[in-house]
Number of protein chains: 2
Amino acid sequence: MTEHFDGQEAWAAALRAHGRRVTKQRLAVLAAVERHPHSPAESILAAARAELPELTAQSVYVVLGDLTDLHMLRRFEPPHSPALYETRVGDNHHHAICISCGRVEDVDCAVGHAPCLTPHWNPDAKPMTIQIADVMYQGICQDCQQAQKLPSHSPSQEKEK
Amino acid sequence: MTEHFDGQEAWAAALRAHGRRVTKQRLAVLAAVERHPHSPAESILAAARAELPELTAQSVYVVLGDLTDLHMLRRFEPPHSPALYETRVGDNHHHAICISCGRVEDVDCAVGHAPCLTPHWNPDAKPMTIQIADVMYQGICQDCQQAQKLPSHSPSQEKEK
DNA sequence: CACTTATTTTTAGCAACTCACAATAAGGCG
DNA sequence: CGCCTTATTGTGAGTTGCTAAAAATAAGTG
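Residues numbered from 1 in each chain as written. Chains lettered and ligands numbered in written order. Predicted model: local features only at pLDDT ≥ 70, side-chain atom pairs only at ≥ 80, totals over all residues. Heavy atoms only, no water.

Participant: Provide a residue-level description of the packing of helix H3 (residues 41-49) of chain A against helix H4 (residues 57-69) of chain A, including the pertinent values.
Facilitator: Residues and elements named next belong to chain A. Look at H3 against H4: their axes get within 10 Å of each other, and the N-to-C directions meet at 115°. Comparing the axis directions of H3 and H4 gives the class roughly perpendicular. In terms of crossing hand, the pair formed by H3 and H4 is right-handed. Along its contact with H3, which presents Ala 41, Ile 44, Leu 45 and Arg 49, the element H4 presents Ala 57, Val 60, Tyr 61 and Leu 64. For the contact of H3 with H4, the per-class residue count stands at seven nonpolar, no polar and one charged. (Axes fitted to C-alpha atoms, helices over the stretch in contact; angles between N-to-C directions. Helix = DSSP H or I, 4+ residues; strand = E, 2+ residues; numbered from the N terminus. Parallel < 35°, antiparallel > 145°, perpendicular 65-115°, else oblique. Left-handed = near helix turned anticlockwise from the far one by under 90°. Contact = heavy atoms within 4.5 Å. Nonpolar A, V, L, I, M, F, W, Y, C, P; charged D, E, K, R; others polar.)

Participant: Any details on the packing of helix H2 (residues 24-35) of chain B against helix H4 (residues 57-69) of chain B? Residues and values, ideally.
Facilitator: Residue and element names in this part refer to chain B. With their axes 10 Å apart at the nearest point, H2 and H4 run at an angle of 70° to one another. Between H2 and H4, the angle falls in the class roughly perpendicular. Taking contact as the criterion, the partners of Arg 26, Val 29, Leu 30 and Val 33 in H2 are, on H4, Val 60, Val 63, Leu 64, Asp 66 and Leu 67. The residue inventory of the contact of H2 with H4, partitioned by class, reads seven nonpolar, no polar and two charged.

Participant: Tell me about the interface of chain A and chain B, and name the residues and values.
Facilitator: Across the boundary between the two partners, chain A contributes 53 residues, which contact 52 residues of chain B. If you look at where chain A meets chain B, you find twelve residue pairs in polar contact (both at pLDDT 80 or more). Residue assignment for the side of chain A that touches chain B shows that the elements contributing at least two residues are H4, strand E4 (94-98), strand E5 (104-107), strand E6 (129-140) and helix H5 (142-149) of chain A. The dominant element in the side of chain A that touches chain B, judged by the number of residues it contributes, is E6 of chain A, at twelve residues. Of the residues belonging to the side of chain A that touches chain B, the class tally is 24 nonpolar, 13 polar and 16 charged. As paired strands, E6 of chain A and strand E6 (residues 129-140) of chain B are joined by eleven bridges and run antiparallel to one another. Bridging across to E6 of chain B, Met 136 of chain A finds its partner in Asp 134 of chain B. (Polar contact = N/O pair within 3.5 Å; in protein donor to acceptor, adjacent residues only side chain to side chain. Pairing = 2+ DSSP bridges.)

Participant: Account for the protein's contact with DNA strand C, naming residues and giving values.
Facilitator: The immediate surroundings of DNA strand C are formed by 18 residues, with Val 22 of chain A together with Thr 23, Gln 25, Arg 26 and Ser 59 of chain B found nearest. Near the protein, within 4 Å, the atoms of DNA strand C are sugar or phosphate in 70% of cases. Take Glu 42 of chain A: an N or O atom from its side chain is 3.4 Å from a phosphate oxygen of DNA strand C. Side-chain polar atom of Thr 23 of chain B to a phosphate oxygen of DNA strand C: 2.6 Å apart, as the coordinates give it. When contributions to the surface near DNA strand C are tallied by element, the ones reaching two or more residues are H4 of chain A together with H2 and H4 of chain B. Ranked by the residues each element gives to the surface near DNA strand C, the list is headed by H4 of chain B, at three residues. Class assignment of the residues belonging to the surface near DNA strand C gives a composition of six nonpolar, six polar and six charged. (Near = heavy atom within 4 Å.)

Participant: For the side chain of Arg 26 of chain A, give the residues involved together with the corresponding values.
Facilitator: Residues and elements named next belong to chain A. Of note, Arg 26 is situated in helix H2 (residues 24-35). The exposure class assigned to Arg 26 is buried, which follows from its relative accessible area of 15%. Apart from the residues lying within four places of it in its own chain, the contact partners of Arg 26 are Leu 15, Arg 20, Arg 21, Val 63, Asp 66 and Leu 67. (Buried < 20%, exposed > 50% of the residue type's maximum accessible area, 1.4 Å probe, protein only.)

So yeah, pure geometry; function would need other evidence.
This is the structure in structure tokens:
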């Protein structure tokens, strides 16, 4: 317990910079998210409790929500999954999710800064001012592909009767 | 009540083609989704009940789930919103959501068939086999932009203390 | 028309959050 | 350094959106 003083202090500074108070709860949450990117609130709670056992679920929800609003954290919601959080913000990157095992990988933005970012509006649509474009790739990771080829019986696909 | 026999029959055919039974509930749900694209289950229930008052919420969930699996419907889940459904499937198009009022607009795929679709994998990542890429644009629609410029008091933005 | 079984209904149940309010403790101040 | 204000956390309850189990109903088949 000696090498995370710098991270500690960095987060503290960031909190102060945003006019937030530096509490052990917030530091614990931040550290937990940093160490377990792409995690849901529940896992973050569990991870944070390792170093702060009395931490509450509510606090985690409140903190995650607040820090996300401040853009100190980024939240995204894959289909059929609770919201996931990560500390990597500001660089607009995307995510690939394995529909089989749920694993999430980061994917850098394909097209530089603004991704596939300028939508082609239908002639009849009233264009919006786009602020961000979340791209969510869905596929099958190598491990799961392997598993499907193997012996097994049910590929658990469509049933179509 | 005379002009929707064709739609009726088209959906019935599609259901049969997928080995599903043609029930008034399924037809009502399909019709409701078609008439109210980008709607959550609850709204679809309400809309469908207009023509089939005894329809159950459960049935709607079951039907929506089943038809989505069959790709007769498409589901997507904007942040902070329940799942939305639409009948426009097969043409990979995307969605733009107004973060202020929640309105959803369809956006045709920018890059032809596969959208911005080939992720650039980080050197250390094990690439997945991508099947689909959902792009979710978030921004502010013209109406809401207007509203924000106007007199009002709280733009309901960050608070940053 | 009878029969099989998909589909719907009924009734519970649950996960992931949100809300309201009391208790606690940062950070500013004298 | 102790006091005070108010952000933050904790407590306890409540909600939404959806899934599960089992009984009732009704498509489609022969």
